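Inside the fold
Listed below are the residues making up each chain.
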Protein chains: 2
Amino acid sequence: MSAMTMNVDATNPDLVTVGVPTHWYNLAAELDVPIPPHLHPGTKEPVGPEDLVALFPAGLIAQEVSTEPYIEIPDPVREIYRMWRPSPLIRARRFEEALNTKARIYVKYEGVSPVGSHKTNSAVAQAYYNSIDGVRKLTTETGAGQWGSALAFAGAQFGIDIEVWQVRASYDSKPYRGHLIRTYGGTLHPSPSDLTESGRAMLAKNPDTTGSLGMAVSEAVEVAAGDPDTRYALGSVLNHVVLHQSVIGVEAVDQLNAVEPGGADVVFGCAGGGSNLAGLSFPFLREKIHGRSNPRVVAAEPAACPSITEGEYRYDHGDVAGLTPLLKMHTLGMDFVPDPIHAGGLRYHGMAPALSHTVELGLVQGVAISQHDAFSAGVQFARTQGIVPAPESTHAIAACAAHVADSDKEEVVVIGLSGHGQLDLPAYAEFLDGKF
Amino acid sequence: MSAMTMNVDATNPDLVTVGVPTHWYNLAAELDVPIPPHLHPGTKEPVGPEDLVALFPAGLIAQEVSTEPYIEIPDPVREIYRMWRPSPLIRARRFEEALNTKARIYVKYEGVSPVGSHKTNSAVAQAYYNSIDGVRKLTTETGAGQWGSALAFAGAQFGIDIEVWQVRASYDSKPYRGHLIRTYGGTLHPSPSDLTESGRAMLAKNPDTTGSLGMAVSEAVEVAAGDPDTRYALGSVLNHVVLHQSVIGVEAVDQLNAVEPGGADVVFGCAGGGSNLAGLSFPFLREKIHGRSNPRVVAAEPAACPSITEGEYRYDHGDVAGLTPLLKMHTLGMDFVPDPIHAGGLRYHGMAPALSHTVELGLVQGVAISQHDAFSAGVQFARTQGIVPAPESTHAIAACAAHVADSDKEEVVVIGLSGHGQLDLPAYAEFLDGKF
């Protein structure tokens, strides 16, 4: 008897991996009603490629308006995806038991990426398309730091300098992801900063501001627009970001089909800017559109920043200074700043136009989750499944728990676990101390 | 063409997974010379099971002195291992390129566990054997917090309360793993504390002490010995811990054989208490003993705590107060306290008797690595491979880098990456700021 045959059991029924996708999926190309176009902030006419070249490379501009349902993932991007993809789909049996439910809960876990979140899926693609256009530096904004650290990692892979403006509230209270950005070789500033016109104007107006993603976007866009070798990278909201994140759902659909031939009944994801939920859910909506299954998609957003459930669906800027195109989206208004007590990420005032569009079409429903309920579900998940979820992800877990607890219904549900929360443990400590 | 066939490429040549082992491997049972027995601290005679029952459950005592080469992993333990095992073996191609080497570097990555380190491998087993003996509470010590958080996770799985004494230096400077312990439901104290005789005596002697693992062991042992429903759990050093960690190497040998039929030429691991390196390397030494390959094993230890390279091989206590059995090991003396500037974990004064024994037999060689060289290698690894290594693991990476850099030798080398360093990012920031 060899050691090989004796010591190994090749089956792990609770862990499903299939393979690394070869194509991203573009749901918009398969919808009868197109996504309303972005508008030029000056002319209010639909933006053309020429309006975007100061900010984005050609490959991403083409993806922003693509009508192809499948877009091939370039080999250099897939090569880097292979460092952690396919991410696992995990049957959460212990969490099911704790919830006393007959639902079968599957968790699609993006926390295995180098920075611990889904953000790398788009960061790597964006760094790649910029690198083939000869871009030397990328600027960006970040909130809790998930996106900034993802882009810093991606920049290190393609030899691009990364400069990050981080929302002041997170910069001060969550220093670890700032260290991570620097470890990857990136440069970090709190936002608003005195390095830009936008930042100085905001500080003059409100010196004690804790910042917002909209403010940080303005600063990063301003610096990119002023330097021909520099471009800007956005971590959510835009169509090309949503496209890159579809790698999550493309994998998840195949992984789920391998163990649940009927597919998903409900898909839960957290929604801030929307790219995580869109990336997970759009390939499930593909299955619905093509009649292969009939999943419901739930967007779990924080009660402190409820753009889908309480915002308006209208054209709005993506930033505070009004430098970005106008986007048709669910928005709380470009000046919206969530309460600083809010620790759960998902602080953006708007919602990805692609996701907002599916909400309007009735394909996605929003639900608002309180911070207390979110962290309570996060602790229960950590104690049963071991993984401490990112605060963002706890919103999806809480929404799922409320739906399936004490239910006899044998549903198949999928939770998008967009990242781990190891760098957000102070927020867990505050929750355990009863502060919210 | 279905979405399934179109979107998925099932091969990922840089990521190897085989299966979850069914047995732990006990190298000691296959050595001609037995490991010297532990001695009773009072009589100086070899300890018998009756000497250990106040501290450990029957299942672990049996493993401590087992002469069986293979010990079956109980189903409830394997079920939990399946949450993250098999851990991946990753071909580190980008790191190879950065080192300009023809060596093929494979990384066995334990950072995918719920707490981000290899410590869960033994924590789960120890919690299980205690649970079947009806134990209600486990006490333990922890340094940087890897072991304490692993045991807190494991306790949550088996309904056992966990009480942790953490070395004061880490308690103060690395609060995140303390939050993690609490998130899993554990209780945390800095050590030395005023909760034990040992702790009060140490504080009386040196009120400003930053603590040591030996001190924290004394406190945890004292509390366990005084309560019939409480037992003690040790995260390294003892034979049963080394046994549990063999799951790392059992997997790694099979994973490597799947892509490198000649096996490993050199295996690098970091060594503090020794369980990580022993767990990784002993199954490779099994291959050597049975003539299937001929790997060299290198124990990378910090220059600040060099028990193998500068310690004596003699009987010594595992703790400061002299409550534990005498262990035959490489030791710097039970009073040794590393310089507080040392951020790299691996602070224990002794080395696992099982590993010390293989050093004496010439099967393992020690090498001391400076903190600067360790973190320098860690940053290089992070920028190339994405994963920020645990400070402990950076010692193994640095030892490997020094061995293979600019080499034309087509060696197959394996690095034990015992965990990720996301909760150790302040130490990376200090390194980037030039503080060491």
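Residues numbered from 1 in each chain as written. Chains lettered and ligands numbered in written order. Predicted model: local features only at pLDDT ≥ 70, side-chain atom pairs only at ≥ 80, totals over all residues. Heavy atoms only, no water.

This part covers the overall build of chain A. The helix and strand tally for chain A stands at 18 helices and 17 strands. For 436 residues, the compact-globule estimate of 2.2 N^0.38 gives 22 Å, and the C-alpha radius of gyration of chain A, at 21 Å, lies within 12% of that figure. A principal-axis box enclosing the C-alpha atoms of chain A has dimensions of 65 × 50 × 50 Å. Here chain A has roughly 14000 Å² of accessible surface; of this, 51% comes from carbon and sulfur atoms. (Helix = DSSP H or I, 4+ residues; strand = E, 2+ residues; numbered from the N terminus. Rg over C-alpha atoms; globule rule 2.2 N^0.38 Å. Areas by Shrake-Rupley, 256 points an atom, 1.4 Å probe, with all protein chains shown as cover.)

Quick look at the relation of the copies chain A and chain B now. Overlay of chain A on chain B (RMSD 0.0 Å): rotation 180°, translation along the axis 0.0 Å. The operation mapping one copy onto its partner corresponds to a two-fold rotation axis. (Least-squares fit on C-alpha atoms with pLDDT ≥ 70 in both.)

Bringing the nonpolar core into the picture now. Ranked by internal contacts, the top residues of the largest apolar core, which has 161 residues, are A:Trp24, A:Leu355, B:Trp24 and B:Leu355. Counting residues domain by domain, this core receives three or more from each of domain 1 (79-117 + 238-432) and domain 2 (120-234) of chain A. Aside from chain neighbours lying at most four places away, what touches A:Leu355 is A:Ala271, A:Gly274, A:Leu277, A:Ala278, A:Phe282, A:Ile308 and A:Val364. (Core = buried A, V, L, I, M, F, W, Y, C linked by side-chain atoms within 4.5 Å. Buried < 20%, exposed > 50% of the residue type's maximum accessible area, 1.4 Å probe, protein only. Domains from an automatic or database assignment. Contact = heavy atoms within 4.5 Å.)

This part covers the sheet that holds strand β10 (residues 187-191) of chain A. Strands in a sheet are paired, the pairing made by backbone hydrogen bonds, and the direction either parallel or antiparallel. All names here are of chain A. Strands sit in the order β10-β9-β8-β11 across an open sheet of four strands; the sheet is parallel. Across the chains shown, the open sheet's two edge strands, defined by having one partner strand only, are β10 and β11 (230-232). Looking at each pair of strands side by side, their axes are set apart by 25° on average, direction ignored. Of the pairings in the sheet, the one linking strand β8 (residues 137-142) to β11 comprises three bridges and is parallel in character. When the bridges of β11 are listed, Lys137 appears paired with Thr230. Across the sheet, helix α7 (residues 146-158) touches β8 and β9 (161-167), and the angle it forms with β8 is around 160°. Along the sheet, helix α11 (residues 213-225) contacts β8, β9, β10 and β11; its crossing angle with β8, the most-contacted strand, is approximately 170°. (Pairing = 2+ DSSP bridges. Axes fitted to C-alpha atoms, helices over the stretch in contact; angles between N-to-C directions.)

Each partner contributes residues to the interface: chain A has 61 residues there, and chain B has 60 residues. Taken together, both faces of the contact between chain A and chain B bury some 5400 Å²; the carbon and sulfur share is 54%. Applying the counting criterion to the chain A and chain B interface returns four salt bridges. The interface formed by chain A and chain B includes 18 residue pairs in polar contact (both at pLDDT 80 or more). Among the elements that line the side of chain A that touches chain B, the one with the most residues is helix α9 (residues 175-183) of chain A, at six residues. Its residues assigned to classes, the side of chain A that touches chain B shows 32 nonpolar, 17 polar and 12 charged. (Buried area = accessible area lost by both parts, 1.4 Å probe. Salt bridge = Lys/Arg side-chain N within 4 Å of Asp/Glu carboxyl O. Polar contact = N/O pair within 3.5 Å; in protein donor to acceptor, adjacent residues only side chain to side chain. Nonpolar A, V, L, I, M, F, W, Y, C, P; charged D, E, K, R; others polar.)

The next thing to look at is α7(A). Think of an α-helix as 3.6 residues a turn; residues three or four steps apart then line up on the same face. Residue and element names in this part refer to chain A. The end-to-end C-alpha distance of α7, which contains 13 residues, comes to 19 Å, matching closely the 18 Å that a straight helix rising 1.5 Å per residue would cover. Counting buried positions along α7 yields 12 of 13 residues, so the element is predominantly enclosed. For α7, the complete set of buried residues consists of Gln146, Trp147, Gly148, Ser149, Ala150, Leu151, Ala152, Phe153, Ala154, Gly155, Gln157 and Phe158. In the stretch just after α7, Gly159 is the one whose phi turns positive, near 70°. (Expected span 1.5 Å × (residues − 1).)

So, on to the domain arrangement of chain A. All names here are of chain A. Assigned domains within chain A: domain 1 (79-117 + 238-432) and domain 2 (120-234). With centres defined by C-alpha atoms, the gap from domain 1 to domain 2 works out at 23 Å. Domain 1 puts 35 residues into the contact, and the matching count from domain 2 is 33 residues. Roughly 2700 Å² is buried in total at the junction of domain 1 and domain 2, and carbon and sulfur atoms are behind 63% of that figure. The interface formed by domain 1 and domain 2 holds two salt bridges in total. At the junction of domain 1 and domain 2, the tally comes to 13 residue pairs in polar contact (both at pLDDT 80 or more). Those elements that provide at least two residues to the side of domain 1 that touches domain 2 are α4 (75-81) and α12 (239-259). If one sorts the elements of the side of domain 1 that touches domain 2 by residue count, α12 sits on top with six residues.

Residues and elements named next belong to chain A. Over its 14 residues, helix α17 (residues 391-404) runs 20 Å from end to end, which matches the ideal 20 Å to within 8%, given 1.5 Å per residue. The element α17 is largely enclosed, with a buried count of 12 among its 14 residues. Every buried residue of α17 is listed here: Pro391, Glu392, Ser393, Thr394, His395, Ala396, Ile397, Ala398, Ala399, Cys400, Ala401 and Val404. Where α17 ends, the next residue or the one after it, Asp406, has phi of about 55°, a positive value.

Before going further, it helps to spend a moment on the packing of helix α6 (residues 120-132) of chain B against helix α7 (residues 146-158) of chain B. Residues and elements named next belong to chain B. Two elements in contact, α6 and α7, have axes separated by 8 Å at closest approach and are oriented at 40°. The angle between α6 and α7 places the two elements in the oblique class. For α6 against α7, the interelement crossing comes out right-handed. Taking contact as the criterion, the partners of Thr120, Ser122, Ala123, Val124, Gln126, Ala127, Tyr128 and Ser131 in α6 are, on α7, Trp147, Ala150, Leu151, Phe153, Ala154, Gly155 and Phe158. (Parallel < 35°, antiparallel > 145°, perpendicular 65-115°, else oblique. Left-handed = near helix turned anticlockwise from the far one by under 90°.)

What the rule picks out here adds up to 25 aromatic pairs over all chains. Ring geometry for A:Tyr81 versus A:Trp84: centroids 6.0 Å apart, planes at 70°, classification edge-to-face. A residue is classified by how much of its surface remains accessible, and A:Tyr81, at 0% relative accessible area, is buried. With relative accessibility at 5%, the residue A:Trp84 sits in the buried group. With centroids separated by 6.2 Å and ring planes inclined at 75°, the aromatic side chains of B:Trp84 and B:Phe153 adopt a geometry described as edge-to-face. Residue B:Trp84 is found in the loop between α4 (75-81) and β6 (89-91), and its partner B:Phe153 is found in helix α7; the two are separated by 69 residues along the sequence. A cation over an aromatic ring shows up here: A:Arg286 above the ring of A:Tyr25, its NZ or CZ 5.3 Å from the ring centre. (Phe/Tyr/Trp six-rings, centres within 6.5 Å; stacked < 30°, edge-to-face > 60°. Lys NZ or Arg CZ within 6 Å of the ring centre and 35° of its normal.)

Turning our eyes to something else, we now look at the pattern of salt bridges. Counted under the stated rule, the structure contains 38 salt bridges over all chains. One salt bridge connects B:Asp433 with A:Arg182, and the closest N-O pair in it is separated by 2.6 Å. Of the two residues, B:Asp433 sits in the segment after α18 (425-432) while A:Arg182 sits in helix α9, which places them in two different chains. Using a relative accessible area of 26% as the deciding quantity, one classes A:Arg182 as partly exposed. Notably, a salt bridge pairs A:Arg200 with A:Glu197, separated by 3.4 Å at the nearest N-O pair. Linking A:Arg200 with A:Glu197, this pair stays in helix α10 (residues 197-205), spanning three residues, or about one helical turn. Overlapping salt bridges bring together A:Arg85, A:Lys108, A:Glu110 and A:Glu251 as one network.

Residue and element names in this part refer to chain B. Tracing the chain through its elements places His317 in strand β14 (residues 312-317). Here the side chain of His317 touches Thr324 through a polar contact of 3.0 Å, landing on its backbone oxygen. Beyond its immediate sequence surroundings of up to four residues, His317 is in contact with Pro41, Gly322, Thr324, Pro325, Leu326, Met329, Met334 and His349.

This paragraph deals with the environment of A:Asn276. Residue and element names in this part refer to chain A. Residue position: Asn276 is located in helix α13 (residues 275-289). With 213 residues separating them in the primary sequence, Asn276 and Gln63 have C-alpha atoms 17 Å apart. Once residues lying within four places of it in the same chain are set aside, the contact partners of Asn276 are His118, Ile248, Cys270 and Ser418.

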